[in-house]
Amino acid sequence: MQTTQTIRPIQHQTINVTFRMDKDDKARFESIINDMGLNLSSAFNVFAKAVIRENAIPFKLQGEGKIPNEETRKVIENVRKGRNLESVTIEQLKAEFEALKAQNKA
């Protein structure tokens with residue numbers, strides 16, 4: 001005896017997402033993605049899938065200033081070269097942290 005199985009497509013649940021963005025940015029963005037054959041919903045779904053796949057933002061984010069700044073770059077260089085380092089215990093770090101927290105509350 002032969003049985004027949006009905007195959008049904010998987011139905012994904014969707015939700016509405018609302019967010020704010022600059023009016024001019026939206027217009028420029030839509031113009032670009034429309035030229036690619038996408039609408040806002042499709043473009044953001046592509047972005048969301050890329051974030052999920054990469055487990056990260058799929059492009060480099062960079063601030064307007066120099067990141068890291070000059071002071072931080074010097075510290076990183078010193079650490080890499082083993083210069084200007086001091087030994088501290090975790091207890092010392094905790095005590096310093098607690099002192100800074102108390103100072104900020106005052």
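A.B. asks: How should the packing of helix H1 (residues 23-35) against helix H2 (residues 40-54) be read in this particular structure?
C.D. replies: A pair of packed helices is characterised by two quantities: the angle between their axes and the separation of those axes. Running from N to C, H1 and H2 cross one another at 85 degrees; their axes reach a closest spacing of 10 Å. By the angle between their directions, the pair H1 and H2 is classed as roughly perpendicular. Between H1 and H2, the residues in contact are Lys26, Phe29, Glu30 and Ile33 and Leu40, Ala43 and Phe44, respectively. When the residues that make up the contact of H1 with H2 are grouped by side-chain class, the tally is five nonpolar, no polar and two charged.

A.B. asks: I'm lost on the pattern of salt bridges in this one. Help?
C.D. replies: Close approach of charged atoms lets side chains of opposite charge pair. All told, the structure shown has six salt bridges when counted by the stated rule. Where Glu54 meets Arg53, a salt bridge forms, and the shortest distance between an N and an O atom there is 3.4 Å. Here Arg53 falls in the exposed class, since its relative accessible area comes to 61%. Each of the salt bridges in this network shares a partner with another, and the network as a whole consists of Glu77, Lys81 and Arg83.

A.B. asks: Mind showing me how you'd approach the layout of surface pockets here?
C.D. replies: Regions of empty space are outlined by a rolling probe, equal in size to a water molecule, passed over the atoms. Considered as a void within the structure, the largest pocket measures approximately 390 Å³ in volume. Around the largest pocket, the lining comprises 13 residues; the ones closest to its centre are Ile15, Val17, Ser41, Phe44 and Asn45. Of the residues in the lining of the largest pocket, the class split is eight nonpolar, four polar and one charged.

A.B. asks: How should the environment of Asp22 be read in this particular structure?
C.D. replies: When you line up the elements, Asp22 lands in the segment before H1. Separated by 57 residues in sequence, Asp22 and Val79 have C-alpha atoms that sit 42 Å apart. Here Asp25 takes part through its backbone nitrogen, which lies 3.0 Å from a polar atom of the side chain of Asp22.

Rules used throughout
- Residues numbered from 1 in each chain as written.
- Predicted model: local features only at pLDDT ≥ 70, side-chain atom pairs only at ≥ 80, totals over all residues.
- Heavy atoms only, no water.
- Axes fitted to C-alpha atoms, helices over the stretch in contact; angles between N-to-C directions.
- Helix = DSSP H or I, 4+ residues; strand = E, 2+ residues; numbered from the N terminus.
- Parallel < 35°, antiparallel > 145°, perpendicular 65-115°, else oblique.
- Contact = heavy atoms within 4.5 Å.
- Nonpolar A, V, L, I, M, F, W, Y, C, P; charged D, E, K, R; others polar.
- Salt bridge = Lys/Arg side-chain N within 4 Å of Asp/Glu carboxyl O.
- Buried < 20%, exposed > 50% of the residue type's maximum accessible area, 1.4 Å probe, protein only.
- 1 Å grid on protein atoms, 1.4 Å probe; cavity = no way out; pocket = protein on both sides within 12 Å on 5 of 7 lines; lining within 4 Å.
- Points joined across faces, edges and corners; volume = space filled by probe spheres on them.
- Polar contact = N/O pair within 3.5 Å; in protein donor to acceptor, adjacent residues only side chain to side chain.

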